[in-house]
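Overview (structure and organization)
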Amino acid sequence: MTDLSVRIGGLTLPNPVMPASGTFAEGLAQAIDLNRLGALVTKTITRELRAGNPLPRVAEVAGGMLNAIGIPSKGVAYFRDVTLPLYRGWSPPLVVSISAPTAEGFAELAAEISLPGVAAIEANISCPNIEEDGRAFAMKPASTAIVVRQLRAATALPLWVKLTPNTGEIAEVAKAAEAEGADALVCANTILAMAIDPHSFKPRLGNLLGGLSGPAIKPIVLRQLYQCARAVRLPIIGCGGIMTALDAVEYLLAGAVAVQIGTATFLDSAAMPNIIDGLDRFCDARGLASVSELTGAIRHEETDEEDLSWLSPPT
Amino acid sequence: MTDTLARPPAFETQAAVLANDRVNGEYAHLVVACGQAAAAQPGQFYQLACPAPPGEAPFLRRPMSLYRADPAAGRVEFLYKVTGAGTRGLATLRPGEQLGLLGPLGTGFRLDPAARHIIAIGRGAGLATLGPLAEAARAAGIAITAILSARRPELVVSQARFAEQGARVITVTDSQANSGPSHVERLLRGLLAERRCDGFYTCGSARLLRVQQTLAREFSIPGQVALEQQMACGLGMCFCCVRDFNVGGTIIHKRVCWDGPVFDMLEALP
Ligand SMILES: Cc1cc2nc3c(=O)[nH]c(=O)nc-3n(C[C@H](O)[C@H](O)[C@H](O)COP(=O)(O)OP(=O)(O)OC[C@H]3O[C@@H](n4cnc5c(N)ncnc54)[C@H](O)[C@@H]3O)c2cc1C
Ligand SMILES: Cc1cc2nc3c(=O)[nH]c(=O)nc-3n(C[C@H](O)[C@H](O)[C@H](O)COP(=O)(O)O)c2cc1C
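Let me begin by describing the structure that accompanies this report. Residue indices follow the written sequence of each chain, beginning from 1 at its first position. Lettering of chains starts at A and numbering of ligands starts at 1, both following the order in which they are written. Since the coordinates come from a predicted model, pLDDT governs what is reported: local features require at least 70, and pairs of side-chain atoms require 80 or more to be given and counted, while whole-chain, interface and lining totals use all residues. The side-chain values count all of the structure's non-hydrogen atoms but skip hydrogen atoms and water molecules.

**Focus: the overall build of chain A**
Helix and strand content of chain A: nine helices and 14 strands. Relative to the globule expectation of 20 Å for 315 residues, the C-alpha radius of gyration of chain A, 19 Å, shows essentially globular dimensions. A principal-axis box enclosing the C-alpha atoms of chain A has dimensions of 55 × 45 × 40 Å. Counting only residues that meet the buried cut, chain A has 57% of its 315 residues in that class. Taking contacts inside chain A between residues at least 6 apart in sequence as the whole, the part at least 24 apart equals 71%. All accessible areas in this document rest on Shrake-Rupley with a 1.4 Å probe, and a residue is counted as covered only by the protein chains that are shown. In the structure as shown, chain A presents an accessible area of about 12,900 Å², 54% of it carried by carbon and sulfur atoms. Strands here mean DSSP runs of E at least two residues long; helices mean DSSP runs of H or I at least four residues long; both are numbered from the N terminus. The globule rule used here is 2.2 Å times the number of residues to the 0.38 power, and the radius of gyration it is set against is calculated over C-alpha atoms. Residue exposure (1.4 Å probe, protein chains only): buried if accessible area is under 20% of the type maximum, exposed if over 50%, otherwise partly exposed. Contacts: residue pairs with any heavy atoms within 4.5 Å of one another.

**Some words on the site of ligand 2**
Nearness here has a simple test: a residue counts as near a molecule or strand if at least one of its heavy atoms is within 4 Å of that partner. Around ligand 2 sit 22 residues, and of these A:Ser21, A:Thr44, A:Lys162, A:Gly241 and A:Thr263 come closest. The residues that come close to ligand 2 belong to more than one chain, namely chains A and B. A 3.5 Å cut-off defines polar contacts: any pair of N or O atoms within that distance qualifies, except that in protein one atom must be a possible hydrogen donor and the other a possible acceptor, and neighbouring residues in sequence count only when both atoms are side-chain atoms. Measuring from an oxygen atom of ligand 2, one finds a side-chain N or O atom of A:Lys162 at 2.7 Å. Measuring from an oxygen atom of ligand 2, one finds a side-chain N or O atom of A:Asn189 at 3.3 Å. Bound to the protein, ligand 2 loses 98% of the 610 Å² it would expose on its own. Considered class by class, the residues forming the shell around ligand 2 number six nonpolar, 14 polar and two charged. When residues are grouped by polarity, Ala, Val, Leu, Ile, Met, Phe, Trp, Tyr, Cys and Pro land in nonpolar, Asp, Glu, Lys and Arg in charged, and all others, Gly among them, in polar.

**Here we look at the site of ligand 1**
All names here are of chain B. Every one of the 20 residues lining ligand 1 counts as a neighbour, but Arg 62, Pro 63, Lys 81, Gly 86 and Thr 87 are closest to it. A distance of 2.9 Å separates a nitrogen atom of ligand 1 from a polar atom in the backbone of Ser 65. Between ligand 1 and Gly 84, the relevant distance is 2.8 Å, taken from an oxygen atom to a main-chain nitrogen or oxygen of the residue. Here ligand 1 has 860 Å² of accessible area as a free molecule, and 74% of this is covered by the chains. Among the secondary structure elements, those contributing two or more residues to the shell around ligand 1 are strand E4 (62-65), strand E6 (75-81) and helix H1 (85-90). In terms of residue count, the dominant contributor to the shell around ligand 1 is E4 (four residues). A breakdown of the residues in the shell around ligand 1 according to their chemical character gives ten nonpolar, seven polar and three charged.

**Focus on the sheet that holds strand E5 (residues 58-61) of chain A**
All names here are of chain A. Two strands are counted as paired when DSSP detects at least two bridges linking them. Strands sit in the order E5-E6-E12-E11 across an open sheet of four strands; the sheet is antiparallel. The sheet is open, and its two edges are formed by E5 and strand E11 (191-193), each paired on a single side. The sheet shows a mean angle of 35° between the axes of neighbouring strands, taken without regard to direction. Where helices are involved, their axes are fitted lines through C-alpha atoms of the stretch in contact, as for all axes, and angles between N-to-C directions lie from 0 to 180°.

Put into structure tokens, the structure is as follows:
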């Protein structure tokens, strides 16, 4: 028996596997035991009621899927009166994902949902669909700093900041979030993408642009998590294309303390419990007492500078 | 959503293919053994992990209606139209092979015990979805008239099945030029005049849905429609499969996989 528990800031989770925001709801209880999960993470909620994007909202591509759901939200009152009481029926800590169009809006929402029964807030400052052209706070260190500062002042709950993979400066964005008081990072949201039907000449998503998720994005997001892990001391939760326990192990080795699973659950509702069992067996087979020993355990062989020089040519 | 804990479980399982045969140029009939997952109600569906056909790789699972369930034998049947990568993959399955599936899912048809006579109207793949009503209506002591629509007579499926259960079966086809909405409306008005309709059940045609909505309002008869929408999760989590519904004058989104696939006919917007 491996110790699967992990610490994320002030919060201890029974195991490092939880759903990714927007890919989970109470309906999963029809198929699996939610009490097995490390945490429960809600779909991103917003203060304003939103209907979401035009159809089609989903398109499949090689090794993944595009989505442009557009954060349909029933608002705060619905969350407080219906969603929150419902989730009290399950034991894993509840993480509430929030989003807003302004830093002030983020702060107000964070304060409003800092309620008993909420274990942590995940600030989705990265959702690529809601801002024009997919631009979001998490694209730049400066805009990240502003929103995280306001969020930090607004809530005493553990604050997780979800990054976007669509920035070229993810390590700097991570540092900005750390400097302004985030307790953890989630790396990352979907990659902005599109698909066109070559027969009809029409875009395959009603929203034209959407977010790519699934196995296709794993190598990219894994690289980004590694870059963040080298830049900050905050715990980082890996998220992007994890389908199996070995995928989760890769993220842990790159520096993650925990993982979130999204698209995999659409292909197999038991993906999360299977990954938990797989991590347990993996650690057992290697004689690891605790899963957290994997975090950042990537092995760097000693290399001469020249051997690596082609990777990043001198500027 | 508050009924979550009340819903019977959906099972994630590897089913064993027992048979998978073409029934005509477009449709195939799949029979699988899936144990407890076979406890399904008419109108419910399954998410099938379709195998990859040569040169294609369907990524998401495909929703398929229950065509027939035998819970005692742990057996479920599907009737599918070979359309794209997923169903082409399904068509490659041979007896003895495995098929990953999740189900039963969604809310199915409800039969009003007080009803004496219902009408089931389907077209195309919608005929598969309506199929289980044949036995369910009979078991509930409700007489049924089935109006089955297709492009050509050889594409009409479920005809024998409804007939076996004592249903009155009317087939209409494009090639016989009797499948248009106005002809079907005449048929329905005839049945209504004979008082043979305490409820409409439909799937597979927006035009036929509109005809029934008109008549349902005119004669104050309840109706249910099974709707389709492209899906990802099948469990009400991702909000990919929403459609618009008119609920008391307000247009709202509902999830086909979770709030349906069977909806109140009068709320549906074709
Ligand atoms: C609840 C439900 C029950 C269904 N039951 C049956 C059934 O019993 N028999 C049957 O033959 N089909 C049924 N369908 C439709 C079936 O799921 C789709 O035709 C299937 O996804 C096609 O997959 P494919 O890969 O073969 O084709 P694809 O290449 O995925 O699709 C072919 C075309 O159909 C469109 N499409 C894909 N999925 C859907 C969908 N779910 N609804 C509408 N359009 C779609 C695509 O955009 C494309 O234009 C059902 C759908 C739903 C939602
Ligand atoms: C259908 C769908 C809806 C999503 N909705 C949200 C959301 O509301 N908030 C959010 O932060 N991320 C959302 N995401 C992104 C996921 O949380 C996750 O970051 C991404 O899918 C990558 O993980 P995966 O490859 O395991 O799916 C959504 C993803 C999908 C596929």
